[in-house]
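Notes for the structure review
So you can see what is in the structure, the chains are spelled out below.
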Amino acid sequence: MSKPCRMMIGEVVIVSHPVSMCVPVNHTVTLSVRAEGTGLLQYQWFTNEDNVVCEVFGANEADLTVKAKKTRPYVCRVNNHLNKAVFSEWVKLKVLDIDKSGLPSDWQGEPHIAVNPDPQTVQRGTDVTLRCTAFGIPTPHYQWYRNGQELSKKTGDTLQIAGATEEDAGSYLCCISNVLEERWTEAVEVHISTGIILCLFVLATDKVALLIGNLNYSNHPKLMAPVVDVHELSNHLQHLGFRVVSLLDLTREEMLASIMHFINLLDKGVYGLFYYAGHGYEHAGRNYLVAIDAPQPYGPENCVCVQRIMLSMQKKHTALSVILLDTCRKWYYQDCLPSCLMPLGPSGNTVYGYATCEDAEAFEVQDGRKSTGIFTKYLNMHILESEKVTHVLEKVSEDLGRDALVTGKQVVEIKHTLKEPRSLADPVRTTGHTRELHLRDICWSQANVLPRKKQMLFLCGVEVQVSFSALYSNVLVVFATLKSICSHIQDCTVTLSSLPAMKDIFSRPGTSLEMDSLLFNPLDNPDCTLRICSLQKLKESLVIKVDLHYTHMTSNQRQTESQQVDIGRPLVASCKLYKRSPLSTIR
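Reference entry: report on the structure contained in this document. Remember, it's a predicted structure, so these values are computed and weren't measured experimentally. (Residues numbered from 1 in each chain as written. Predicted model: local features only at pLDDT ≥ 70, side-chain atom pairs only at ≥ 80, totals over all residues. Heavy atoms only, no water.)

Looking at empty space enclosed by the protein
The tally for this structure, following the rule as stated, stands at one cavity of 30 Å³ or more. Of the pockets and cavities examined, the largest cavity occupies roughly 50 Å³. Around the largest cavity, the lining comprises ten residues; the ones closest to its centre are V245, H261, W444, V572 and C575. When contributions to the lining of the largest cavity are tallied by element, the ones reaching two or more residues are β22 (243-248), α2 (252-264) and α6 (435-446). (1 Å grid on protein atoms, 1.4 Å probe; cavity = no way out; pocket = protein on both sides within 12 Å on 5 of 7 lines; lining within 4 Å. Points joined across faces, edges and corners; volume = space filled by probe spheres on them. Helix = DSSP H or I, 4+ residues; strand = E, 2+ residues; numbered from the N terminus.)

Structural data, given as structure tokens:
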């Protein structure tokens with residue numbers, strides 16, 4: 001019995017239509033159509049320009065590759081020698097000229113969130129607009145949620161609420177998905193005020209933060225709090241729209257190199273925030289940050305001067321410069337002369353938040369199962385609030401002042417020259433990047449780009465998935481998960497190692513357990529994990545070695561198979577902090 005015909009003789013049928021997509025400007029994309037028909041098929045692509053449908057010159061193949069310049073619709077006509085023709089569906093190539101930092105170099109079209117929604121506080125009766133934009137091939141689908149509940153018919157990249165009431169207040173987030181993957185934005189809070197709100201539209205052209213926590217000192221007491229403090233503050237600043245690099249355990253040269261990269265991103269209109277947790281001291285009115293390789297005793301030449309960091313920030317004419325220090329300020333070596341430092345003239349919009357006052361110590365406390373600096377503990381409670389940054393620090397000071405653990409021992413000190421009502425929650429103007437800043441931004445954006453998941457098939461038939469996570473910009477966690485196990489093997493386990501081997505800075509008693517409580521979601525349940533620290537020291541590609549151990553049921557022998565995967569220089573290793581520019585003025 002013959003099979004039924006799929007088409008009439010001479011007919012042309014499109015079996016695969018092109019798909020709409022959303023990509024960054026200048027990204028190269030390929031639109032594809034697949035058709036079947038009698039004889040040799042011919043193709044011609046068309047676009048709509050200024051409401052006129054016109055041919056795309058030279059586009060006579062089933063695949064059309066273009067460099068995305070502007071948003072346009074496309075359609076393809078397919079015909080055969082019998083002049084039978086059919087058109088594909090119209091598709092839209094949406095091109096966005098916005099920041100694409102963080103987009104992987106080997107991006108395959110999975111949704112990538114380029115613009116996250118911002119938290120908002122508005123007066124009752126006014127309109128609320130939440131915007132989320134993502135690149136994707138195919139174009140991603142959007143679904144908004146409030147307080148965990150799906151919002152019916154709210155499926156665009158912009159969520160608009162007209163005449164907001166108290167019922168519209170809550171936590172909002174958006175799910176972005178296409179056939180490849182699903183991504184979620186972070187939740188943002190929308191507050192509806194019944195009072196009078198002063199309408200001040202303050203924008204930043206960019207918001208950049210550098211967080212450094214030093215804990216494993218070679219010649220000084222080791223600390224615990226920076227592990228949690230840097231992690232939690234980093235998450236909060238990302239919620240506020242900051243692009244954050246967070247680093248643990250840096251030598252003086254590594255501190256200077258990371259600060260130089262941070263300073264290079266600052267410019268007029270940018271918000272810059274520098275945070276440090278670790279040992280420190282004060283001398284002659286200047287604050288010094290103690291690197292993990294500082295000798296005993298140490299002097300200013302072994303440390304980093306905070307005032308020099310602020311001076312470099314001020315030279316960039318930032319719209320807001322904030323330095324937050326969770327460190328001691330005990331006076332040290334009064335007979336030691338400080339290095340020469342000539343300040344700039346009067347400069348506004350600078351803020352210092354000190355964990356403690358002059359000639360006093362800053363304390364760590366045990367908060368549940370975690371150690372935290374008591375200043376940062378209260379800072380994390382208030383930092384997401386959409387208030388003037390000095391008001392946020394005042395709340396931190398008030399809370400700390402009521403804490404019986406440090407009464408009479410530690411008092412927050414705030415210094416500022418703020419001349420405008422700047423808030424850390426101020427929105428970012430998406431067109432704020434100049435081309436020069438964007439070029440300088442490449443290193444910073446790569447510092448948080450994770451390697452892609454790897455699927456590894458072993459000779460015995462077992463499949464292992466290797467995935468990656470980062471708690472800090474210089475700490476990578478590798479997960480190995482057994483995805484499929486064959487019936488002819490048993491007692492299958494997997495182990496991980498790295499080449500070169502990297503020291504685990506959290507291996508001392510007590511610290512590893514605290515790190516694990518932060519890192520692992522019980523729902524992930526990986527079969528093996530490997531923590532790789534101090535990536536700023538990596539000068540070559542990092543290779544992950546996966547060893548599969550199992551017992552073959554036929555021979556009853558224990559066997560091992562191994563595979564390796566080269567993941568390049570992940571996270572901050574791409575910044576090459578060991579190559580600090582000799583032109584840097586930070587000392």
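Section: the sheet that holds strand β32 (residues 454-457)
The four strands lie next to each other as β32-β33-β34-β36, forming an open sheet whose pairing is antiparallel. At either end of the open sheet lies a strand with only one pairing partner, and these are β32 and β36 (528-532). Going from strand to strand, the sheet's axes swing by 25° on average, the running direction of each strand aside. Relative to strand β34 (residues 475-484), strand β33 (residues 463-472) runs antiparallel, the two being bridged by nine bridges. Across the sheet, the residue bridging to V464 is L482, located in β34. (Pairing = 2+ DSSP bridges. Axes fitted to C-alpha atoms, helices over the stretch in contact; angles between N-to-C directions.)

What about the sheet that holds strand β38 (residues 557-566)?
The antiparallel open sheet is built from three strands, whose spatial order is β35-β37-β38. Whereas interior strands pair on both sides, the edge strands pair on one side only; in this sheet they are β35 (489-499) and β38. This sheet shows a mean twist of 20° between the axes of neighbouring strands, independent of strand direction. Alignment of β35 against strand β37 (residues 543-552), held across nine bridges, turns out to be antiparallel. Residue pairing for β37: L496 is matched across the bridge by V546.

Some words on the nonpolar core
Residues L237, L273, F274, V464, I544 and L548 are the most contacted members of the largest nonpolar core, which totals 118 residues. Looking at this core element by element, the count peaks at seven residues for strand β23 (residues 270-277). In terms of domain composition, this core takes at least three residues from each of domain 3 (206-445) and domain 4 (454-575). L548 has contacts with F458, C460, V462, V464, L482, C492, T493, V494, Q559, T560 and E561, leaving out every residue within four places of it along the chain. Membership of the second largest hydrophobic core comes to 30 residues, among which are M21, A68, Y74 and W107. (Core = buried A, V, L, I, M, F, W, Y, C linked by side-chain atoms within 4.5 Å. Buried < 20%, exposed > 50% of the residue type's maximum accessible area, 1.4 Å probe, protein only. Domains from an automatic or database assignment. Contact = heavy atoms within 4.5 Å.)

Describing the side chain of S177
Position of S177 among the secondary structure elements: in strand β18 (residues 170-177). Of the residues examined, S177 reaches a relative accessible area of 18% and is grouped as buried. Residue contacts for S177: discarding those within four places in its chain leaves P111, P140, H141 and E182.

Observations concerning the packing of aromatic side chains
Following the criterion strictly, the structure yields five aromatic pairs and no others. Here the aromatic rings of Y281 and Y288 are separated by 5.0 Å at their centres, their planes lie at 15°, and the arrangement is stacked. Here Y281 and Y288 have matching classes, each one buried. Both rings, one in Y352 and one in Y354, keep their centres 5.5 Å apart while their planes meet at 5°; by these two values the pair is stacked. Overall, the relative accessible area of 2% leaves Y354 in the buried class. Here the guanidinium or amino end of R329 rests over the ring plane of Y354, the centre of that ring lying 3.9 Å away. (Phe/Tyr/Trp six-rings, centres within 6.5 Å; stacked < 30°, edge-to-face > 60°. Lys NZ or Arg CZ within 6 Å of the ring centre and 35° of its normal.)

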